[in-house]
Structures are given as structure tokens and as C-alpha cells.
Amino acid sequence: MKKLIAMLMPACLALSMAGCGEKPSSEPVEGKEEAKTEEVAATSDHKVSVFWYEESDVYLSIVREALNKQFEDAHIMYDNQFAAGNQSKQIDQIKTAVAGGSDLLVVCQVTAGSPDTAMDIMEIAGDIPVVFFNRAIGEPDNPDTAVFEEYANAVFIGTDAPEAGHMQGKMIGDYVLEHYDDIDVNKDGKISYAMFKGDEANLEAIYRTKYGVEDADAILTAAGKPALEYFDSSNADKYQVDLNGQWSAKAATDYMETNFVTYNEGNKNLIELVICNNDGMAEGVVATLQNKGYNKEGAHMIPVFGVDATDNAKALIKDGAMTGTVKQDAEGMATAICGTVEAIEAGKSPVDALGSLSDSRFSISPDSDAKLFVAYVPYAE
């Protein structure tokens, strides 16, 4: 079995710590809009390249803002590259970065969950350390892959994928149980729900979709209430997915507008509850509901739940237009990434770098010491 041990040369360390970087400047690369790079100049010869699956993801934009600042404070030279949802483009960007002398790669890969893609990236990286982040590598039945066993210079920083689904499901179950009669607009003794899934292959999306409903159902049935009922009996999947894998407000808005044509109060089959894999999609749902006369002052409130605890979502919850969310700690994610990069620069192996982080928000996976989780926290006003 191939073991690629990643250790940075002392000379690189000395150079990386030499002085403070200049203020960041953002400049897209020439050519097609789907490939974009932001590069920050610094006095150090050591360089970190950060690869984002796309630029408009709401949660990741918060991570990026925090990470940029932390890198600058740590005098780390870095560049951001955006693949616009194109895995082939990201692979080309990684090849270019390696050829151009990048010393460390931080990768949010486009093809969520694919161990084959991760393996390809590691082959390109060679001895260069790679910190995968946010988008878990693996599949529902096999979340732990050979990637981290095969490559000693690969680590992952993200979340425990099922955790957000479990938290969201408990939040939903408790809320529905407490407000059952008010939520049951159709007065049929059941709660009709819609589910918006961010990405078909993403482990976080898969587990949020699964446990957001299963755990809520467990609470309801234990109290003698019927399980939640998906609004469209012809949809065997029991969710509507963003086909572009972007977890977007637009996808949720478009689906919700279409749903309302058939499923509404006039037809006595209104969608009475909406569960979303992230706050971006939840915001799109709320916008549609408000356009239809719901979820605003003096009107009926259809419960809407998301994940991320973005500022916009927190404002909607405060205003009573959205019900609850689960905080995915963007600042914590950035802190974990930057701390790991700094530890690697200081001479630690990537796995030892993860283990050296001291923060109550972080925990090493019980399944692999090459994986670090940033904790979720329930959020409701």
C-alpha cells in the first residue's frame, strides 16, 4: 500500500514565517467565467492554494471570508480558486497549482462524496499535503474510504454528517408536537411536508434528508401522532433536489412556486411544513411563502427549517418568518483549516496537525485520526 509522507522543508517554514502579507487583491483569471481565481500576494515563498467547488454557496462564502482573514493574520500566502461546479475544471486548477509551486492544497472537491475523485487529487498532489474540507469523502454505506489509509498526507476537516440531520429532526419533531393543531391547516389529522435536498451525492445532504424526517417521526409517533406525510405521493424519493448541486435559494423557490399550483389551501392539500438541507434553500422557500401571503405578520406561519444559521436565516427566525436552523460553524471551520495549515508549516505531519488543535468545537473522528469534525449547534430564536 502506498504511503506518501508529507513533510515541509525547513527552508519553506522559514520563508513562510518571514513577514506579513500585503492586503488582498481579488482578480479573476482570463477566459471563461466558470473558472475563477483570487490570489493574494505575500512576502513568503510558501503558498497555499484553496479550491472551492463553486463561489456562490452561502455557507462557504462565510467560511472563505473568515479563512482569508485568518491566513492574512498568520502571514500565509494563499490563492482562492473556484470551479463553478465543474470537477474537470477543478482538477485542471489543481494540476496548475502543483506545477506552479503550491506547497499545500486545501480542497472542497466538486464531486461530493467521491473517493475516486479524492484519489485522483492525491495522485496529482504527490508529496504535497492536502486538506480536504466541508464536503465529506465517502458514501452512506461506506463513509470511511481508503483515501486516508492510502495517503498519509491527506486529512479531512468538516462535520459529522449525520449530526445536523439528527439535530434538525429533533427540532422539527418537538416543534410540530407542540404546535400540531395550528400546523394542520388541512385538518386531516396529518402534517404534510416538503423536503428540499441540496445535492444528490453529498453525505451531509443525504443524512440531513434522512434524519430530518426519521427523527421527527420518532418523536411524533412516540407521542401517538401520525408520522409526517410527504405532500406528493407520486414522488418515491420524498424530496426535491437542486439538480445543479448548489443548494440554491432559486432551486427551492422554483420548486415551491410549482408545488403551489396543485398543493394549496383551495385544494385542501397545502404543504404544512418545509424542511431544507440548508438555509439558502430555506430562504427561497420563505420568499415564495411570503409571496403567497404566508409567513408574515398577521398571516399563517408555515414552519420552515434549515441548516447553517446564516445571518439572513437568523434574521428571518427573529422576524418569525422562519422557524429554526442548525448552526454550522463557519468561523470554526476556518479556524480548524488555518490552524492545521499553520501546524503543517511548523513541521507536523497532516494527521499530527489535526491532533494538535485545541478547541472545544473540534473532535477527531472515532473512525479515523485523519478526520476532524467541527460541532453543530441547534439554533432557534
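Predicted model only: the values in this text are computed from it and were never measured.

Caption draft 1: Expanded view of the overall build of the protein chain. When helices and strands are tallied, the protein chain shows 13 helices and 15 strands. Across the 381 residues in the protein chain, those meeting the buried criterion constitute 55%. Long-range contacts, defined here as pairs at least 24 residues apart, represent 72% of the contacts in the protein chain between residues at least 6 apart. For the protein chain, the computed accessible surface area is about 16,000 Å², with 49% contributed by carbon and sulfur atoms.

Caption draft 2: Layout of the packing of helix α3 (residues 87–99) against helix α4 (residues 115–125). The contact between α3 and α4 brings their axes to 9 Å, and the two run at 20°. In terms of orientation, α3 and α4 fall into the roughly parallel class. The handedness of the crossing between α3 and α4 comes out as right-handed. The residues of α4 that touch α3, namely those facing Gln87, Ile91, Ile94, Lys95 and Val98, are Thr117, Ile121, Ile124 and Ala125. When the residues that make up the contact of α3 with α4 are grouped by side-chain class, the tally is six nonpolar, two polar and one charged.

Caption draft 3: The packing of aromatic side chains, seen in detail. In the structure shown here, the tally under the stated rule is nine aromatic pairs. Centroid distance Tyr175 to Phe305: 5.9 Å. Interplanar angle 75°. Geometry classified as edge-to-face. Linking Tyr175 in helix α6 (residues 161–178) with Phe305 in strand β11 (residues 304–305), this pair joins segments that are 130 residues apart in sequence. By relative accessible area, Tyr175 is classed as partly exposed at 23%. Through successive ring pairs, a cluster of aromatic residues spans Tyr193, Tyr230, Phe231 and Tyr263. Positioned over the ring face of Tyr53 is Arg135, at 3.7 Å from the centre of the ring.

Caption draft 4: Structural view of unusual backbone geometry. Even without a glycine there, the phi angle at Trp247 is positive, about 55°. Here Trp247 lies in the loop between β9 (240–241) and α9 (249–262). Even without glycine at this site, Asp308 takes up a positive phi of about 135°. Tracing the backbone through its elements, the reader meets Asp308 in the loop between β11 and α11 (311–319).

Caption draft 5: Summary view of the side chain of Gln87. Take Gln87: it is sitting in helix α3. For Gln87, a relative accessible area of 14% gives the class buried. In this structure the side chain of Gln87 is engaged in a polar contact, spanning 2.7 Å, whose partner is the backbone nitrogen of Thr111. Those residues in contact with Gln87 that sit more than four places away from it in its chain are Gln109, Val110, Thr111 and Thr117.

Caption draft 6: Region of the structure containing the environment of Gly126. Inspection of the secondary structure assignment puts Gly126 in the loop between α4 and β5 (130–133). Between the C-alpha atom of Gly126 and that of Tyr151, which follows or precedes it by 25 residues, the distance is 9.3 Å.

Caption draft 7: Summary view of the confidence of the model for the protein chain. With 87% of its residues at a pLDDT of 70 or more, the protein chain shows a mean pLDDT of 89. Scored below 50 in pLDDT, residues 1–34 shows 67 contacts in the model against residues more than four places distant or in partner chains.

Caption draft 8: Local environment of the packing of helix α10 (residues 279–291) against α11. At a minimum axis distance of 9 Å, the contact between α10 and α11 shows a crossing angle of 45°. Taken together, the axes of α10 and α11 lie oblique to each other. Between α10 and α11 lies a crossing whose hand is left-handed. Only Asn312, Ala313 and Leu316 of α11 make contact with α10, whose side of the interface consists of Asp279, Glu283 and Val286.

Conventions we followed
Residues numbered from 1 in each chain as written. Predicted model: local features only at pLDDT ≥ 70, side-chain atom pairs only at ≥ 80, totals over all residues. Heavy atoms only, no water. Helix = DSSP H or I, 4+ residues; strand = E, 2+ residues; numbered from the N terminus. Buried < 20%, exposed > 50% of the residue type's maximum accessible area, 1.4 Å probe, protein only. Contact = heavy atoms within 4.5 Å. Areas by Shrake-Rupley, 256 points an atom, 1.4 Å probe, with all protein chains shown as cover. Axes fitted to C-alpha atoms, helices over the stretch in contact; angles between N-to-C directions. Parallel < 35°, antiparallel > 145°, perpendicular 65-115°, else oblique. Left-handed = near helix turned anticlockwise from the far one by under 90°. Nonpolar A, V, L, I, M, F, W, Y, C, P; charged D, E, K, R; others polar. Phe/Tyr/Trp six-rings, centres within 6.5 Å; stacked < 30°, edge-to-face > 60°. Lys NZ or Arg CZ within 6 Å of the ring centre and 35° of its normal. Polar contact = N/O pair within 3.5 Å; in protein donor to acceptor, adjacent residues only side chain to side chain. pLDDT = per-residue confidence, 0-100.

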